[in-house]
Number of protein chains: 2
Amino acid sequence: MDLESELRVHDLRVTTPRRLVWQVLSESADHLTAQSIFEKVNAVDAAVNRSSVYRTLSLFAEIGLARESKLGEDEASRWEPAHADDEIHLVCESCDSVLHHSGDVVRSLRSHLGDHHDFEARAVEIVVRGRCATCGPAPASESTSEPSPAS
Amino acid sequence: MDLESELRVHDLRVTTPRRLVWQVLSESADHLTAQSIFEKVNAVDAAVNRSSVYRTLSLFAEIGLARESKLGEDEASRWEPAHADDEIHLVCESCDSVLHHSGDVVRSLRSHLGDHHDFEARAVEIVVRGRCATCGPAPASESTSEPSPAS
DNA sequence: GTCGGTGCAAATAGTTTGCATTAAG
DNA sequence: CTTAATGCAAACTATTTGCACCGAC
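Keep in mind that what you see is a predicted model, and the values were worked out from it rather than measured. Along every chain, residues carry numbers that run from 1 in the direction the sequence is written. Each chain takes a letter, starting from A, and each ligand takes a number, starting from 1, following the order in which they are written. pLDDT decides what is reported in this predicted model: residues at 70 or higher carry local features, side-chain atom pairs at 80 or more are listed and counted, and totals for whole chains, interfaces and linings draw on all residues regardless. Excluded from the side-chain calculation are hydrogens and water; included are all heavy atoms of the structure.

Draft legend 1. The arrangement of the packing of aromatic side chains in detail. Residues and elements named next belong to chain A. Here a Phe, Tyr or Trp ring, Trp counted by its six-membered ring, pairs with any other such ring whose centre lies within 6.5 Å, and the pair is stacked when the planes are under 30 degrees apart, edge-to-face when over 60, and tilted otherwise. All chains considered together, the criterion is met by two aromatic pairs over all chains. Plain terms: the ring middles of Trp22 and Phe60 are 5.7 Å apart, the flat faces sit at 85° to each other, and that makes the pair edge-to-face. Here Phe60 lies in helix H4 (residues 50-62) and Trp22 lies in helix H2 (residues 16-27), a separation of 38 residues in the sequence. Secondary structure elements are defined from DSSP: runs of H or I of at least 4 residues count as helices, runs of E of at least 2 residues count as strands, and each element is numbered from the N terminus.

Now the structure itself:
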């Protein structure tokens, strides 16, 4: 996706913070916190301020370049490039990885809600918490409410 | 659901804040913010402190009585009694109402992920934003998501 | 009487904002 | 040259925490 033209379309200026935030966002597949985006940006150009990162992220969200999601893992919002609008987040509670999956589930949910419930779905956000393929099936002995084994 | 016995099972004391928070939670079908729960509780017993409400809510979440969800409407978390674990939130962007819908969508999503993606789903959280039956189909002209580039 | 739970106030985390300055167009 | 965008610092919101006291058991 071309940041510059995307910005110009909206009569917005192409600035260093915007270029760097976009670079960080699109280079990492992960769901980054504003904080970590700031750190990465800051590592490249220390002059960029934290608030510019926040302002840039909100701006990107407004013009549809980025997307904010509160995955609920912790308190902070996570950011990612906006690609697919309907997307499932598979959060592995064991290894903390976040997989993406966009399939027909969203499509069928959409039509189901429209047909049977008169609800016109615009944005569908699905977060599934569980265990990914790598971490295998549920462990026999694990305290269910174990928040994070990472201590 | 019986708060007192639920607490006793976990060797927890039955206190005024806990009783009141539970009362508020179970009486209102809505998704309440901690703030509004505090207000309602406080209206009944002004001695109850805000932090007790927060502590109580986390406690309820831990023992499975309540459930926190970041609906993303605003910054604050929303709380509700824990009833159905798998539940769809239908958020109407027009009238701000939140409908609940727990059906087979979650069940089929679960099995789909298990069968085709080796992902063992534990908790499924679905938030659909759109327009509810009452508000009808999409309006022709509305400046809902106006990307306001600060004038 | 014991100690888990509370009220209070202060701290923290994440994010936002007012304003003077800078740099994109 | 104009004014959008930035850097900075301070403000704000939601939530958490340390500690002394209180009340459930």
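Draft legend 2. Structural view of the domain arrangement of chain A. These domain limits were set by an automatic method or by a database of domain assignments. Here chain A is partitioned into domain 1 (1-82) and domain 2 (84-133). The centre of domain 1 of chain A, based on its C-alpha atoms, is set 23 Å off from the matching centre of domain 2 of chain A.

Draft legend 3. Expanded view of the protein's contact with DNA strand D. In the vicinity of DNA strand D lie 22 residues, with Ala47, Ser52 and Arg55 of chain A together with Arg13 and Tyr54 of chain B positioned nearest. For each residue, the test is whether any non-hydrogen atom lies within 4 Å of the molecule or strand; if one does, the residue is near. Take the atoms of DNA strand D that sit within 4 Å of the protein: sugar and phosphate atoms are 63% of them. Two N or O atoms form a polar contact when they lie within 3.5 Å of each other; inside protein one atom must be a possible hydrogen donor and the other a possible acceptor, and for residues adjacent in sequence the pair counts only when both atoms belong to side chains. A distance of 3.0 Å separates a phosphate oxygen of DNA strand D from a polar backbone atom of Arg13 of chain A. Backbone polar atom of Ser77 of chain B to a phosphate oxygen of DNA strand D: 3.2 Å apart, as the coordinates give it. For the surface near DNA strand D, the secondary structure elements donating two or more residues are H2 and H4 of chain A together with helix H4 (50-62) of chain B. Taken together, the residues that form the surface near DNA strand D break down as eight nonpolar, six polar and eight charged. Polar here means any residue other than Ala, Val, Leu, Ile, Met, Phe, Trp, Tyr, Cys and Pro, which are nonpolar, and Asp, Glu, Lys and Arg, which are charged; Gly is therefore polar.

Draft legend 4. Spotlight on the protein's contact with DNA strand C. Neighbouring residues of DNA strand C: 20 residues in total, closest Tyr54 of chain A together with Thr15, Ala47, Ser52 and Arg55 of chain B. If you look at DNA strand C and keep only atoms within 4 Å of the protein, 65% of those are sugar or phosphate atoms. Between a phosphate oxygen of DNA strand C and a main-chain N or O atom of Val14 of chain A, the distance comes to 3.0 Å. Residue Ala47 of chain B places a main-chain N or O atom 2.8 Å away from a phosphate oxygen belonging to DNA strand C.

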